[in-house]
Amino acid sequence: MSAPALEVPRSALGVAAHGLRATRRRRAVRRTTVTVALLVLVAVLSVTALMLGDYRLTAGQVLAALAGDEARPAHFIVTELRLPRLLLGILVGLAFGLAGALFQSVLRNPLASPDVIGISQGASAGAVAALLLAGLSGWWVSASALAGGVLVGATLYAVAWRQGVTGHRFVLCGVGVSYLGTSLIGYLLTRSGLDEAQGALVWMTGSLAQATTELVRVLAIVLVVLLPLVALVARGLDLLLLGDEQAGGLGLRPEVTRLAVIALGVGLTCAATAAAGPVAFVAFTAAPVARRLLGDGSLALVQSALVGVVTVVGADIVAQHLLPADMSVPVGVITGAVGGPYLIWLLARGRAAATS
């Protein structure tokens, strides 16, 4: 009589295991499909960006120039004039998208983005102070932006830490710091001349117009250093999403991992801001869009980075080529125009969920 009693649990366990394997396969297929589709979209947008301009090129000319064809003027236009701007947009989008995913995942809050919690404003304040107070330019502005963002990040962690850091407290502290940074920028602008203020405003909006091969190289080196570190903490971040108690039971030190993730997010944000200014809402929107594409709410660092690249490169194409000639604007204007309504929708949805 005991044999039939054991048969049912074994059968049920087999069905459950089969269902789990099928679910994992579906998720893996969808993740691969989304990743490949985003890579293809990045490639299409990249070729399009290199084709468009006062001197129009065909896709064949662009690909030939990238392959090393020395034919003039296509080779000069592609490699010297347009490619640095494209590469800067790709690197900036990658850094902002990945930074937003790190912040929002580790703090478990969709508002935990560098745009909202003051990191971008701190970097902007540092750069504007260098421009308007010290009259600096070039790499000194980038270094000042990096210093400002790091200072804000360290201040936020110190203020928000009370036996650990929670997303709600971190975001609230960040909003306060963001207002302080914005006030400081406003004060610096009011005491500067018109020409200096105009230059600072263009930088603060977020622009790729200053792209050079040297700037791209430096940002690429920074990302080469930071991206392997992100890969190292990714597994710990996956465990941290289970909760501090469960993660601690699996041998993880939650607060150390959280500090490492926040530090990497600050580093990515500051590097991108120092190179191109605070390109608005890229970090804020990239991770939610990536998770929605995957459909399973899982950690989506690679996909968030690719969505960030698509956003920046696509917005720069719109800003340069799809607006009337007299309405050409920095890329940050376009990303802000997209991200602002998204923030309003997110807040409205959260309020509706809270009252239902």
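This report concerns the structure included in the present document.

Rules of the game
Residues numbered from 1 in each chain as written. Predicted model: local features only at pLDDT ≥ 70, side-chain atom pairs only at ≥ 80, totals over all residues. Heavy atoms only, no water. 1 Å grid on protein atoms, 1.4 Å probe; cavity = no way out; pocket = protein on both sides within 12 Å on 5 of 7 lines; lining within 4 Å. Points joined across faces, edges and corners; volume = space filled by probe spheres on them. Helix = DSSP H or I, 4+ residues; strand = E, 2+ residues; numbered from the N terminus. Nonpolar A, V, L, I, M, F, W, Y, C, P; charged D, E, K, R; others polar. Salt bridge = Lys/Arg side-chain N within 4 Å of Asp/Glu carboxyl O. Buried < 20%, exposed > 50% of the residue type's maximum accessible area, 1.4 Å probe, protein only. Polar contact = N/O pair within 3.5 Å; in protein donor to acceptor, adjacent residues only side chain to side chain. Contact = heavy atoms within 4.5 Å. Axes fitted to C-alpha atoms, helices over the stretch in contact; angles between N-to-C directions. Parallel < 35°, antiparallel > 145°, perpendicular 65-115°, else oblique. Patch = residues over 30% accessible without salt bridge, like charges linked within 9 Å, V, L, I, M, F, W, Y side chains within 5 Å. Areas by Shrake-Rupley, 256 points an atom, 1.4 Å probe, with all protein chains shown as cover. Lys, Arg positive; Asp, Glu negative; His and termini not counted. Charge placed at Lys NZ, Arg CZ, Asp CG, Glu CD. Phe/Tyr/Trp six-rings, centres within 6.5 Å; stacked < 30°, edge-to-face > 60°. Core = buried A, V, L, I, M, F, W, Y, C linked by side-chain atoms within 4.5 Å. Expected span 1.5 Å × (residues − 1).

Attention now goes to the layout of surface pockets. One simple way to see leftover space: roll a probe sized like a water molecule over the atoms. If you add up the space inside the largest pocket, you get close to 470 Å³. Along the wall of the largest pocket there are 24 residues; nearest its centre are L52, G53, R82, Q320 and H321. Listed by contribution, the elements that provide at least two residues to the lining of the largest pocket are α1 (2-51), α3 (74-107) and α12 (301-322). Partitioning the lining of the largest pocket into residue classes produces 14 nonpolar, five polar and five charged.

As a further point, take the pattern of salt bridges. A full pass over the atoms with the stated rule returns two salt bridges. Put simply, R85 and D316 hold a salt bridge, and the shortest N to O gap is 2.9 Å. Here D316 lies in helix α12 and R85 lies in helix α3, a separation of 231 residues in the sequence. The two residues R85 and D316 agree in class, both being buried. Here R258 ties to E255 by a salt bridge, and the two come within 2.8 Å at their closest N and O atoms. Of the two residues, R258 and E255 are both situated in helix α10 (residues 254-276); the distance of three residues between them amounts to about one turn of the helix.

Now for the side chain of S144. Take S144: it is sitting in helix α5 (residues 139-160). Engagement of the side chain of S144 in a polar contact is seen with the backbone oxygen of W140, the distance being 2.9 Å. Once residues within four sequence positions are removed from consideration, S144 is found in contact with G126, A127 and A130.

This next bit is on unusual backbone geometry. Positive phi, close to 55 degrees, is recorded for R108, a residue that is not glycine. By the secondary structure assignment, R108 is in the loop between α3 and α4 (119-132). Its identity as a non-glycine residue notwithstanding, F281 has a phi of 70 degrees, on the positive side.

As a packed pair, helix α2 (residues 59-66) and α3 sit with axes 9 Å apart at the nearest point and diverge in direction by 80 degrees. One way to sum up the angle between α2 and α3 is to call them roughly perpendicular. Every residue of α3 that contacts α2 at V62, A65 and L66 is listed here: A74, H75, V78, T79 and L83. Split by residue class, the contact of α2 with α3 holds six nonpolar, two polar and no charged.

This part is about the side chain of R85. Of note is the side chain of R85, whose polar atom sits 2.9 Å from the side chain of D316. The contacts of R85, once residues within four sequence positions are left out, are L208, A209, A211, D316 and Q320.

Attention now moves to a positive patch on the surface. A grouping of R21, R25, R26 and R27 is seen on the molecular surface, where their side chains present a positively charged patch. Take R27: it is sitting in helix α1. On the basis of relative accessibility, which here comes to 47%, the residue R27 falls in the partly exposed class.

Glancing now at the packing of aromatic side chains. Tallied over the full model, the rule gives one aromatic pair. Ring geometry for F281 and F284: centres 5.8 Å apart, planes at 70 degrees, overall edge-to-face. For F281, a relative accessible area of 18% translates into the label buried.

Glancing now at the nonpolar core. Note that soluble globular proteins tend to have their nonpolar side chains buried in a common cluster. In this structure, L88 and L268 are the most contacted members of the largest nonpolar core, which totals 59 residues. Contributing elements (two or more residues each) for this core: α3, α5, α6 (167-190), α8 (213-240), α10, α11 (282-294), α12 and α13 (331-355). Leave out the neighbours within four places in its chain, and L88 touches L208, Q210, A211, L215, V216, L219 and A275.

Time to look at a nonpolar patch on the surface. The grouping of I221, V225, L229 and L232 at the surface amounts to a nonpolar patch, some 390 Å² of accessible area in total. Within the element layout of this structure, L229 appears in helix α8.

In a regular helix each residue adds 1.5 Å, so 14 residues correspond to 20 Å; α4 covers 20 Å between its end C-alpha atoms and thus fits that length. Taking burial as the measure, the 14 residues of α4 include 12 buried ones, the bulk of the element. All buried positions along α4 are accounted for by I119, S120, Q121, G122, A123, S124, A125, G126, A127, V128, A130 and L132.

So, about α5. With 22 residues, α5 extends 32 Å between its outermost C-alpha atoms, agreeing within 8% with the 32 Å of an ideal straight helix rising 1.5 Å per residue. By the burial criterion, the buried members of α5 are V141, S142, S144, A145, G148, G149, V152, G153, L156, Y157 and A160.

Before going further, it helps to examine the environment of V338. Mapped onto the elements of the fold, V338 is located in helix α13. For V338, a relative accessible area of 57% translates into the label exposed. C-alpha of V338 to C-alpha of F281: the two residues are 57 residues apart in sequence and 8.0 Å apart in space.

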